[in-house]
Amino acid sequence: MDALDDMASVPTAAGRLPLIGHGLALARRKQDFMCELAAHGELVRLYLGRLPAYYVHGPELLRHLLVTDARKVAKGWVYDRVRALIGDGLVTAEGPLHAMHRRMIQPAFRSTSIASYMDVMHREATEMARSWQAGRAVAVDRAVAGLAGTVVARSLCSSAHMSPRTAGRLAFLNTSVLKVMSARSLLPRSTWERLPLPSTRRTTAHVAEFHRIVDDLIARYRADGTDHGDLLSVLLAARDADTGAALSDRQIHSEITTLFVAGIETTSAALAGAFHELARNPDIEQRVVAELGEVLAGRPPALGDLPRLDYTRRFLREVLRRYGIWFLMRRAVDDLEWRGLRIPAGTTLLFSPYALHHDPGLYPDPARIDPDRWLEDDLPREAFLPFSTGPRGCLGESFAWAELTVVLAAVLSRWRLRPAPGSAVRHVASSSVRPEPLRMIAEPRRPPG
Ligand code: HEM
């Protein structure tokens, strides 16, 4: 059989429309459409406009794509389009440039560094929790988005160069960067930017301000020449092990922007998901609160506590399973082979951590939050990919686990969050699936007994 015949044997998903292909289903039903594609099995063809792409599903094939044959796979055209906005940071860079940056930046995510970011996480989460008032409604989705933003900003710059106002401003401006990024991933740059709408002009101004603040921070750090023990200090001190080369200001700028776009929306979706699910599942909430109380006895979690918080971790695994990234893209840069099938170089591939995590063959009753399903963890490793895997897997995974745990501990030690009367929460997908709008009433938590 020749190669094209091979791919011709792959079924096409139902519902293809002239010109737009499956674009409408993708735009309107996002995560649900991904789950429908997953029901076809390991590979199914869909059309993004007139361009064919292949949806890839299941632990074995994903392992092949993301680990075994990772060298033959690049990121795909969505990332090409956002590169113009965020530059060649870790998420968008390819090949040797990516490998070099990853080696250079990895030290910023070692456990000693994570431990110091945990102080930032605790301070910021405590401040958020202290600002709430008993019996009053809180927009929890917005609160955790702001929190995740200031945590990244203050982990990046722990020094006086980052005032609380600047941290808050960067977190706010980041939402415009994300907005432009998702618009650009769908439309060519010129189309989007030519729209003469006040909102477009405002967003463009926010993006420019974001970039100005980042440039200013880099210049200040270069000028004072001090190691502040934070993420930006690591980026400035990083040297390539082979060549001794340092990162340029432009490269550092791209990496900072990348940390903002990669580390905030994902984490805040999981935090919002956690508080939403705890309110819906009082038995689970009771066990999480009891475990945090027993293990921590009122102090903030340290890195060494995380493995001891077994039930909390299993709950957070469920949260990451339910509130995850709904779609990621790859492109074969070399021919791939899978079970006698040749996937030619140039093929666009999509996969969905969300749909993988809602496959009833892997997770019976997938919509149910059940931390105990992880007691017998007999699934293949690649059945759970909230952080993806392989050389392009999330660099901030330990950071994220620490943040989720620290924020949960800070909030749950003070508050029980209950749905505000009349609230109707939906599962909305931006990059991650999140519960929205999440208005909750903060009730003071009484100490047990
Ligand atoms: C719950 C929170 C998070 C989730 C679910 C998550 C998920 C992911 C996923 C799925 C990828 C792969 C993306 C792709 O293939 O295009 C990724 C990449 C990345 N993430 Fe995260 N992430 C989280 C938090 C963070 C945080 C807090 C940071 C940093 C502070 C971070 C930094 C990165 C970076 C730098 C990459 C690119 C890695 C590379 O290609 O070398 N992430 N993340």
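Scroll up a little and you will see the structure.
These numbers were taken from a predicted model, which means no experiment stands behind them.

Caption draft 1: Empty space enclosed by the protein, seen in detail. If you walk through the whole model with that rule in mind, you get three cavities of 30 Å³ or more. Along its surface, the largest cavity is lined by Val56, Leu61, His64, Leu65, Leu336, Glu337, Trp338, Ile343 and Leu349. A breakdown of the residues in the lining of the largest cavity according to their chemical character gives seven nonpolar, one polar and one charged. Counted as a void, the second largest cavity has a volume near 40 Å³. Lining the second largest cavity are Leu306, Leu309, Thr312, Arg313, Leu316, Trp401 and Thr405. Residue assignment for the lining of the second largest cavity shows that the elements contributing at least two residues are α15 (310-322) and α17 (397-412).

Caption draft 2: How the structure looks around the packing of aromatic side chains. Enumeration according to the criterion identifies seven aromatic pairs in this entry. Each ring, one from Trp326 and one from Phe327, has its centre 5.2 Å from the other, and the planes form 50°; the classification is tilted. An aromatic cluster of at least three residues, connected via ring pairs, comprises Phe109, Tyr117 and Phe399. Directly above the aromatic system of Tyr363 lies the positively charged group of Arg321, at a separation of 5.1 Å from the ring centroid.

Caption draft 3: Spatial organisation of the sheet that holds strand β3 (residues 73-74). An order of β1-β2-β8-β5-β3 is seen for the five strands of this open sheet, with the pairing classed as mixed. The outermost strands of the open sheet, each flanked by one partner alone, are β1 (43-48) and β3. Here two bridges tie strand β2 (residues 51-56) to strand β8 (residues 348-351), and the two strands are oriented parallel to one another. Directly across from Tyr55, in β8, lies its bridge partner Leu350. Along the sheet, helix α4 (residues 77-86) makes contact with β1, β2, β5 (328-332) and β8, crossing β5 at roughly 110°.

Caption draft 4: A look at the environment of Ala171. Positionally, Ala171 belongs in helix α8 (residues 164-186). The spatial distance from the C-alpha of Ala171 to the C-alpha of Thr204 is 16 Å, given a sequence separation of 33 residues. When neighbours within four sequence positions are excluded, Ala171 is seen to be in contact with Gly146, Gly149 and Thr150.

Caption draft 5: Focus on the site of the ligand. Around the ligand there are 27 residues in total, and Lys75, Tyr79, His98, Arg330 and Cys394 lie nearest to it. One of the side-chain N or O atoms of Arg102 is found 2.8 Å from an oxygen atom in the ligand. Within the side chain of Arg330, one N or O atom sits 2.7 Å away from an oxygen atom of the ligand. At the level of elements, α5 (95-105), α12 (249-263), α13 (265-280), β5 and α17 are the ones that each hand at least two residues to the shell around the ligand. Along the lines of polarity and charge, the residues of the shell around the ligand split into 16 nonpolar, seven polar and four charged.

Definitions and limits used
- Residues numbered from 1 in each chain as written.
- Predicted model: local features only at pLDDT ≥ 70, side-chain atom pairs only at ≥ 80, totals over all residues.
- Heavy atoms only, no water.
- 1 Å grid on protein atoms, 1.4 Å probe; cavity = no way out; pocket = protein on both sides within 12 Å on 5 of 7 lines; lining within 4 Å.
- Points joined across faces, edges and corners; volume = space filled by probe spheres on them.
- Nonpolar A, V, L, I, M, F, W, Y, C, P; charged D, E, K, R; others polar.
- Helix = DSSP H or I, 4+ residues; strand = E, 2+ residues; numbered from the N terminus.
- Phe/Tyr/Trp six-rings, centres within 6.5 Å; stacked < 30°, edge-to-face > 60°.
- Lys NZ or Arg CZ within 6 Å of the ring centre and 35° of its normal.
- Pairing = 2+ DSSP bridges.
- Contact = heavy atoms within 4.5 Å.
- Axes fitted to C-alpha atoms, helices over the stretch in contact; angles between N-to-C directions.
- Near = heavy atom within 4 Å.
- Polar contact = N/O pair within 3.5 Å; in protein donor to acceptor, adjacent residues only side chain to side chain.

None of this, on its own, says anything about what the molecule does.
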